[in-house]
Structures are given as C-alpha cells and as structure tokens.
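Chain and residue survey
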Amino acid sequence: MIRPEAGRPAASLRPLTHLGVPLRVHGASVRLPLLTTLLLGIALALSPPLLSAQTADTTATPPDTLRQPLAPTDTLRAAPADTLRQTLAPADTLRPAPATGLPRPAPTTPTEDGLEAPITFTARDTLVVHLGGDGGDRGTLYGEAEVIYQTNTMQAYQVDILFDEDQLEARALEADTGLVGRPTFVQDAETFMGKELAYNMQTKRGRVVEAQTGVPGDEGFVRGGIVKVREDSTVFIADGVYTTCECVEDPSYSLRASRMKVVDQKRIFTGPIRLYLFNIPTILWLPFGYLPAQEGRRSGPLPVQYGEDDRGFYLRGLGWYWAVNDYLGAQVSGGLWSRGSWQVTPTLQYNRRYRYSGRVTVDYVFNRRGESIDPNFERNGRAALRWTHNQTLTPSSSFDANVNLVTVADYLREEGQTYDDRATQTIQSSIAYRQNWPRVGRSFNVSTNQQQNLAQRSASVTLPNLSFTQNSRKPFERQQRGPGERERWYERLTYSYSGGVRNTYAFTPSDTTDIEWWEALVDRGKYREATGDDEPFDFRATHRVPISAPFSINRLPVINRSFILNVTPNATYTEEWYIQTDRRVADTSAFGNFRTVSEPGFFSYRQFSMGASANTTFYGLFPVGVGPYQGVRHTVRPTLGFTYRPDFYGRGWGYTRTFVDPETGEETVYPIVSGVSRGRQQNLTFRLDNVFETKRVEQDSTGEVQRRTLKLLDLGASSSYNFAADSLKLSDIGLTARTTLFGQVNVNSRMTLSPYQIDSVGTSVRTVDRFVFGSGGKFRLARLTQFSVAATTRIQSRRQSRSSQGPTTDEDDLSTVPGPGVGFNPAIGNPFGSGFSSTGRDVADFAIPWSLNFNLNYSVTKRTTQLTRQATANVGFDFNLTPSWKVQGRTGYDFERKELATTNLGVVRDFECWRLSFSWVPFGLFQSYNFSLQVKSGPLQDLLRVNRPRQDTGGRFNNLIR
C-alpha cells in the first residue's frame, strides 16, 4: 500500500477540474468541478452571515480535534486564518445518501491523473479543503463520511482525500467509550473493518490497521494486526486470528498465525498455526495451515471420533470426502479397533435440481471379539445397505427407492450409535415406479417391497407388485343435456377397475436355525430346512370391478321434517388367478396324517357380492349456554347397508377338494387355494356417528362479535347381523369416542362389546349362542371384551426471540450442501443414524424455555374368562434451568409390570460459541452414556470437538442405578 511519505515537500496546486465532486444541498446531489467548488468555498468562508450560521451548527466538531496543521505560506487564509472551510448545510437539511441510493458513476476513460471514474462522497458534518502544505492538497470529511469510487465504498467518522496521491485514508474517533465511526471498506463482496484504513485508487491496493473481516461463504472471521489488500483481492495478514466465534474481539477459541494469505476469497494459507482457547495457547500446533473458505462443499478429510466399546479403543470416521462436481459427491470412511476389528463405509450422494436426488451407503464391519484361545472367541462380518432415490421422470411419472437392508438381524443393535437404532424392531424397503394419466383417470404402479422383523428374524418380500387402477366412470352418461333436464337412472351407473399382480416370499425360521432370509431366498433347500415349507413363493393376480348406481331421495318425511336419503345399490366382481393349487397327501408321520403339496397349474378363483347402502344426515340443537359458549348442535349420520355373498365353499363352485383320513376314514373338505370364503352371507350392517359441537361467542374491544365453532365430542357405534349364519348372527358391537379436553389433551377411546354369553366345557371356554341381555336376572346389555383409552398432550411455553437451532441448507443441488464434517457425514458406524440423520448431533432449542409431552394408555382385554390389562404412562420433557442450561429426558412406567421403561436423560449447556451435551440411559438393555463438547457452527465444529460416544454403563453406574 502506498502512503504519503513523511517530510515530502508541498506540491503545487494543479488544475483539478477533471475531478467532479458532489455538493448535497437539501437532499439534492449536484456534481461541480473541483476548482468551482473551491472558489465557492472561499466565498462562503468570507461571508459573515454564513459564518454566523455556521456557529449555530451544533453538530460541528471543535477545531482542535479535527483541523490538520497546514504550512502558513501555502494556505489560503480565510476566517479563521489557517484553514479554508467549506461549510455545508445544517445537519437537519444535510442527510447522507443511503447506500442503495448513492450515485455510482459508470466506468469512463482514464482522466489526467489516471482515475477511471469520478469520486462520490457525502458527510453529515463538515468538508475541509487544504491547499498545499507538507501533506499536499487534501480534503477531509467529518461525521458519517462515505466515499464511493467505482465498486469500492469507504465509510468512517473521518475520511481524508489526498488529491496528489489519489488516495483515501480513514480513521475513527477515539472516545472514552471506544472507537466511534470505525472505518469500513467494501471491495466487491468483501468487507474490512479496522482502526485505520488507507486505499489507493490508482493501484487499487489498501492497508488496514487492526483489521477484521468475515470469510466469504463461511461463518468464520479473520482479524489481523495489519492487513494489506492487492488489486486482485489477495489479502496479506500480519498477526492473523481465525475464528468462527462471533465475539471476534476476544474469541473463546481461535487459530493464530503470524502470517496469513487469503487467495480468491476461497482459500486461507498460513504459516505455523496454533490453537488458542481464549488467549491461552494450547499444544495443538501445525507447521502450516490451510483453511478452505469457499461457499458450499469442498473436498477434504473427515472428522474423527474416538471412544471405547467391547472391541477395544477405536478411531471411527477416518476418511476423505471428494466433491466431484456440483451434482455428485463421494465419501469413504472407516474405523479401527485396538483388538483387531475394522470397518469401511463408502457413500455416494447425487442431486440434480428438479430431476433426481439420492444417496447410496454401504457399511461393512468385521468384528473380532476376544482372543483366539478364549472359548467365546468371535470373528464375523456383517454388512448393511442404505439407498434413497427420488426422481421425477415426467410431470405424470416418478421413480422412488428407499432401500434398507442388513445381513444379520442384530446389526442395528450391535452397530447402532443411537437409542432409536438399537431399539428398532422392524425395517422396511421399497422401490416403486408410478405412472398417471390424469385426463382419463388411470394409474399404473410397479414396486417391490421388503419388511424384516429383527426380533423374530422373519422377513416378507414382494417381488414384483404391479397394480393398475381406473377411476370411477359413467359409461352411459350423455355428453350434453337439455336445459333443466335431469340425469336419467342409467346415467348414474358407475364402475371402476383395479387389478394387480403380486408375488410374495415369506420367511419365518425356526428357533434352532441360523439361516438368514436372504440365504433362503436363493436356495430352496435352505428355505425348506429353515421353515419346513416346500414352496417359498405365493403368486396371484387379482381383478376387482365394483359397480354402483347412487341416487338420492330429496324429500323423505320423518317426524314432520324432510331429509335427503342417499341410496347406493352396488355389486362387486373379484377374480384371482393362481399358478398352483394345494393338494393334501396322506402321511401318517405328519400332523393330521397328511401333508400339503403344491400342484402346478393355472386356476381362477371367481367370486361376487351385491348389496345396497343408505345414509342421511340430520341435526338437533340444544338451546343451552354456559358463559361464552352458546348452544350445542348434535349432528347424526346413520348408515345402513346390506350385502349378499354365496357360499363359495360348496362343492358346486369347484373351489374345494376332499381328503379321507387313512386311520379314521373321515372325509374332510379343504380349499385348493387360500382365501376361499366359507359360509353364505346375508349381512346387514349399521353404523351411527354423532358429533357434538358448540359455538364460542366473544366480543372484542371494538364491539365486533366473533363466533368460533368448537367440537366437543365424536361418538360412533357399529355392528352387523348375518341372516344366513346358523348361530352367533349378531357380531360384536364397536363403540368409539374422541374428544379434546381444555383444548390441550386429546382423548381417544375404543370399546368392543359381545352380545353373547360364555360357557365352560371341561377345561375350555367358548362363546355360546345365548344373549347376555335378559339372562341371569341381571340387567346387562352386552359383555365387555375389549376397552382402551389413550390420552396425549403437548404443552410448551411461548417461543422467545433467541433460537439455538442450527441453520438449514438448501439441498436443491450438491453445490449448496456443506462439505465434510458440516452436513454430509453419515453417523459413523451406522449409516442410518437416528431417523437416518446425516449428522447425528443433538439439537436443543433454547428459544422454548420448557415443553412437556405426556401419553397415557390403558387397555383391558377379556375374550373369555382371562383378563389382560395394560397400563403405561410415558413422558418427555425439556426445560431451561437457566438461559444457557437445558435438561431433557424421556421415560415411562408400566403399572402392570411395575417397572420403568427405557429412560434417556440429557443435559445441554449452551455457551456463546460452544455447546456441551451429556446423555445417559441409566438402566435397561441399552445402558450407555455419551459426552460431547464442540463449537456450535462453522468449519471448526468437527475439528474442535471432544466426544465420548456410546460408553456402556455396566460396571460404571451399577451401584448408582440399583
């Protein structure tokens, strides 16, 4: 940076008419030649009335604090004799131009002094022009001064314009409370602040003393003793300090180096660099440093986690992230254990805006537990695959995948790093392609699905699953009808179609086998060994055509009122195709003296049903009122339906075969395919829904009346009666209720009542065809068989202004997704994380001082004489002990077992730039604790992190929790 040299002789006054300067009067900006401005200033200085007005300006600063000493021989003397002052309009009429409204002249050809554009400046207080002297020709702006040259802007309390040097110098006003009007310089998109600042308009280089600047595209800040800026935006920093802590003046953590260099506003290179906590140097020292400061992702090493488990001490997360391009990113990470176990986890992520996005993660872990001479020595390998994909092919078609596969059932329990993963019992996967034709109301789906029960080691796979749907259509509807002409009865005829092909693989192993479901899927012999069944697949194709003709009776007189009755006659035809049937073969060594074998061959199972349904709605009003609540409206929606279906179990339909027991000679009828309905149905169904509502009437301060409808209670009852059944014709009665108490507590209840009695025959108990009502001399309508009630609520305090939640990222494409350690780092050791989170970090919202979740469940089941009860209460809470301490937890209690459910407790301490968290599962199957201390934001949050993850509490907290 070029600065005026000390002792330089005074330069002669050169013509400066090529430099235009603005003169702001009453908010207007006028550009005049500089020489004209100087002459105008002399006239203003010699004018007594204006001098009088000047003395009344209370915003002017005393001369002894602002005036620069000038050479007496080269000074144009005016009152006072040592300066030439151009006094602007008073403070009430002189307003600095807003940053968005300042004139920014377009680049022009270089002027006599080599400047490419005029200078625009404003000041709230005073402009003082010095001619000649040791410092040369200069102009000084006081009070909220702002100078704009091309795309560069300088703001400070005082700005000096050195006309001979084409240089700008800025400084702050030192006051008892600190610096007032700290100099700020904006060059392109970069901002510098400091105690003193200088910039040369020809060389486009600058110098800042005690500088401070933000890192573009980052949450970090750089501070330096002296900062020099070159014309290509390269920044040289002496005594540099880098931190992501917002308290830049005295950061709680920082990386410091005697020399730093910022290149292209993207990369920071340093010499020897050291970590400081507050102002205390630590032992973390590196011979050089490289800090990427660019926006979005960047390639680099991944943060490492350390800890201890039953496989020894470990380092996990060792690896590298590679930002291939704006749409593709790759990552390879792994782990090492002191006892010989190891892990490797490659990950690929892709994202193309409005087209597709997804991620593929493969995790392989080789476990070595114990020594080779130990009796329980264990060596095994296990793997997991996670693939998510979302793609919009056309406006009417899409392809989605959500694959979650593990090779062994205990993978999540052994390798999971979160409570949710280790307690997971089932995992699911699906891949689907969807195509819609909205104009004709058709859709086609093809998918494959997989569901795995980790506790029972069972699995179910559907491959493939095809479905086609045609929405309701009216084939006889006329395209045009005359004015006022109603729809004819045959035009109401409506049909739809749904069909599908489904091939299902079911695997339920015995307790003694160690064969996994994926092994039995490809090996029929292993499937037979694990399950005892011969046929692993169940293939069928289904066609279903419902037909209806709805109509309404608009005026149905009931109790001197008219109701609208909606009637819908209907019929349904269903056809299922099979490629094999079942046949029983005599086998005295098997249970029942037979075994079932599959007989290849096409078979079609056809069935149909028909019926009608009717429903209506009517209302009742109870003129009662309590306080602001006025009236209760009762809405009743009864529904009545009748369905007829033949007995397809009869021999005439051809859906059954007979088997003769070789020992007893008895003949048994059995279905040749699954799903054949037995018994004729002439079923009358009825349902009654009731809704109770009230209206809250309030009057605001303006006298306007406001009415709001509130739902009080939902009640429902349903049952059916089968006229064709030989006994137990009336089915169970179901009752439901739903309400909200005090606007906060949601209560749901369900009850099932049996109308029949039970009887004991020997050691067995069965339901007999005798009604409970009117029997035994007791007045009972029905027998309770099941009852359940659940109450849930969530209450929390109002959100305050402060929020500690982390920033969100725009994931339209990978160019906006952070790099390693910021947002693209799957939970180490478990690529699925908690809720498949990519960070695995706890989030605590200090803006909500407290919250409480409560859930109460109670149920009673009594099918015969045996009574089963379940009663549990679960609670989740968090509250701020102080504005910086938060306690979190979730627990529950089983009143029947008289034991606590799995409990998780946590404490979070929020510092200004750090966050400390501790979580603990004190008892149960998944006892563990976790401690973490890290910075909250910026690229240092993974580097400056102390983590003690997943430590088993066995042997550590036993005395405390017993």
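Residues numbered from 1 in each chain as written. Predicted model: local features only at pLDDT ≥ 70, side-chain atom pairs only at ≥ 80, totals over all residues. Heavy atoms only, no water.

**Quick word on the overall build of the chain**
Scanning the chain from N- to C-terminus turns up eight helices and 56 strands. For the chain, the residues scored as buried account for 38% of the 962 residues in total. When contacts within the chain are restricted to residue pairs at least 6 apart in sequence, long-range pairs at least 24 apart make up 52% of them. Accessible surface for the chain amounts to roughly 52700 Å². Of this, 55% is attributable to carbon and sulfur atoms. (Helix = DSSP H or I, 4+ residues; strand = E, 2+ residues; numbered from the N terminus. Buried < 20%, exposed > 50% of the residue type's maximum accessible area, 1.4 Å probe, protein only. Contact = heavy atoms within 4.5 Å. Areas by Shrake-Rupley, 256 points an atom, 1.4 Å probe, with all protein chains shown as cover.)

**Focus: the nonpolar core**
Of all hydrophobic cores here, the largest spans 39 residues; its most connected members are Met154 and Val227. Leave out the neighbours within four places in its chain, and methionine 154 touches Ala145, Glu146, Val147, Val159, Leu168, Glu169, Ala170, Thr184, Phe185, Leu197 and Tyr199. (Core = buried A, V, L, I, M, F, W, Y, C linked by side-chain atoms within 4.5 Å.)

**What to know about the pairing of strand 26 (residues 342-352)**
Two strands pair when backbone bridges link them, and strand 25 (residues 328-337) and strand 26 are joined in this way by nine bridges, in the antiparallel orientation. Bridging across to strand 26, glycine 329 finds its partner in glutamine 349. Hairpin connection of strand 25 to strand 26: four residues between the antiparallel strands, including glycine 340 at a positive phi of 105°. Examined bridge by bridge, strand 26 and strand 27 (residues 356-369) share nine bridges and lie antiparallel to one another. Each bridged residue has a counterpart across the sheet, and for tyrosine 350 the counterpart in strand 27 is glycine 358. Joining the antiparallel neighbours strand 26 and strand 27 is a turn of three residues, in which tyrosine 354 adopts a positive phi near 65°. (Pairing = 2+ DSSP bridges.)

**Here's the deal with the pattern of salt bridges**
One pass over the full model with this rule turns up 26 salt bridges. Close ionic contact of arginine 687 with aspartate 689 constitutes a salt bridge, the shortest N to O distance being 3.1 Å. A residue is classified by how much of its surface remains accessible, and arginine 687, at 35% relative accessible area, is partly exposed. When salt bridges with common partners are traced through the structure, they connect Arg138, Asp160, Glu169 and Arg171 into a single cluster. (Salt bridge = Lys/Arg side-chain N within 4 Å of Asp/Glu carboxyl O.)

**Some remarks on the packing of aromatic side chains**
If you walk through the whole model with that rule in mind, you get 23 aromatic pairs. Arranged with centres 6.5 Å apart and planes meeting at 50°, the rings of phenylalanine 507 and tyrosine 527 form a pair that is tilted. Of this pair, phenylalanine 507 sits in strand 33 (residues 494-507) while tyrosine 527 sits in helix 7 (residues 524-531), placing them 20 residues apart in sequence. The same class applies to phenylalanine 507 and to tyrosine 527, which are both buried. Consider the rings of phenylalanine 603 and tyrosine 655, whose centres lie 6.0 Å apart with planes at 90°: the pair is edge-to-face. (Phe/Tyr/Trp six-rings, centres within 6.5 Å; stacked < 30°, edge-to-face > 60°.)

**Observations regarding unusual backbone geometry**
The omega angle of the peptide bond from leucine 463 to proline 464 is -5°, so this bond is cis rather than trans. As for its placement among the helices and strands, proline 464 is situated in strand 32 (residues 458-473). The residue glutamine 150 is not glycine, and still its phi comes out positive at about 55°. Secondary-structure assignment places glutamine 150 in the loop between strand 6 (138-149) and strand 7 (152-162). In this structure, lysine 898 is a non-glycine residue whose phi angle is positive, near 55°. On the secondary structure map, lysine 898 appears in the loop between strand 51 (885-894) and strand 52 (899-900).

**Thoughts on a negative patch on the surface**
There is a patch of like negative charges on the surface, built from Glu196, Glu210, Glu249 and Asp250. Relative to the elements of secondary structure, aspartate 250 occurs in the loop between strand 16 (235-243) and strand 17 (253-263). (Patch = residues over 30% accessible without salt bridge, like charges linked within 9 Å, V, L, I, M, F, W, Y side chains within 5 Å. Lys, Arg positive; Asp, Glu negative; His and termini not counted. Charge placed at Lys NZ, Arg CZ, Asp CG, Glu CD.)

**Here's the deal with the environment of arginine 595**
Topologically, arginine 595 is positioned in strand 37 (residues 594-615). A relative accessible area of 40% places arginine 595 in the partly exposed class. Sequence spacing of arginine 595 and aspartate 582 is 13 residues, and the spatial spacing of their C-alpha atoms is 10.0 Å. If sequence neighbours within four positions are ignored, arginine 595 has contacts with Arg583, Arg584, Val585 and Asp587.

**Some details on the environment of threonine 656**
For threonine 656, the location among the structural elements is in strand 40 (residues 656-660). With 74 residues separating them in the primary sequence, threonine 656 and aspartate 582 have C-alpha atoms 9.7 Å apart. Setting aside chain neighbours within four positions, we find threonine 656 in contact with Tyr649, Gly650, Arg651, Val669, Tyr670, Pro671 and Ile672.

**Quick look at the side chain of aspartate 910**
Inspection of the secondary structure assignment puts aspartate 910 in strand 53 (residues 904-910). In this structure the side chain of aspartate 910 is engaged in a polar contact, spanning 3.4 Å, whose partner is the side chain of arginine 915. (Polar contact = N/O pair within 3.5 Å; in protein donor to acceptor, adjacent residues only side chain to side chain.)

**Points about a nonpolar patch on the surface**
A contiguous nonpolar surface patch, about 740 Å² in accessible area, is contributed by Val304, Tyr306, Leu315, Leu318, Val332, Leu336, Trp342, Val344 and Tyr364. Broken down by secondary-structure element, the contributors of at least two residues to the nonpolar patch are strand 24 (312-325), strand 25 and strand 26. Take valine 332: it is sitting in strand 25.

**Observations concerning the confidence of the model for the chain**
Here the chain shows a mean pLDDT of 76. Residues at 70 or above account for 76%. Here helix 2 (residues 48-55) is the element of the chain with the lowest mean pLDDT, 32, and strand 44 (residues 733-741) is the one with the highest, 93. Across residues 803-842 the pLDDT falls below 50, and counting only partners more than four positions away or on other chains, this stretch makes 119 contacts in the model. (pLDDT = per-residue confidence, 0-100.)

**Quick word on the environment of phenylalanine 399**
As for its position among the elements, phenylalanine 399 is in strand 29 (residues 397-406). Leaving out residues up to four positions away in the same chain, phenylalanine 399 has contacts with Trp387, His389, Asn390, Gln391, Leu393, Ile431, Ala432 and Tyr433.

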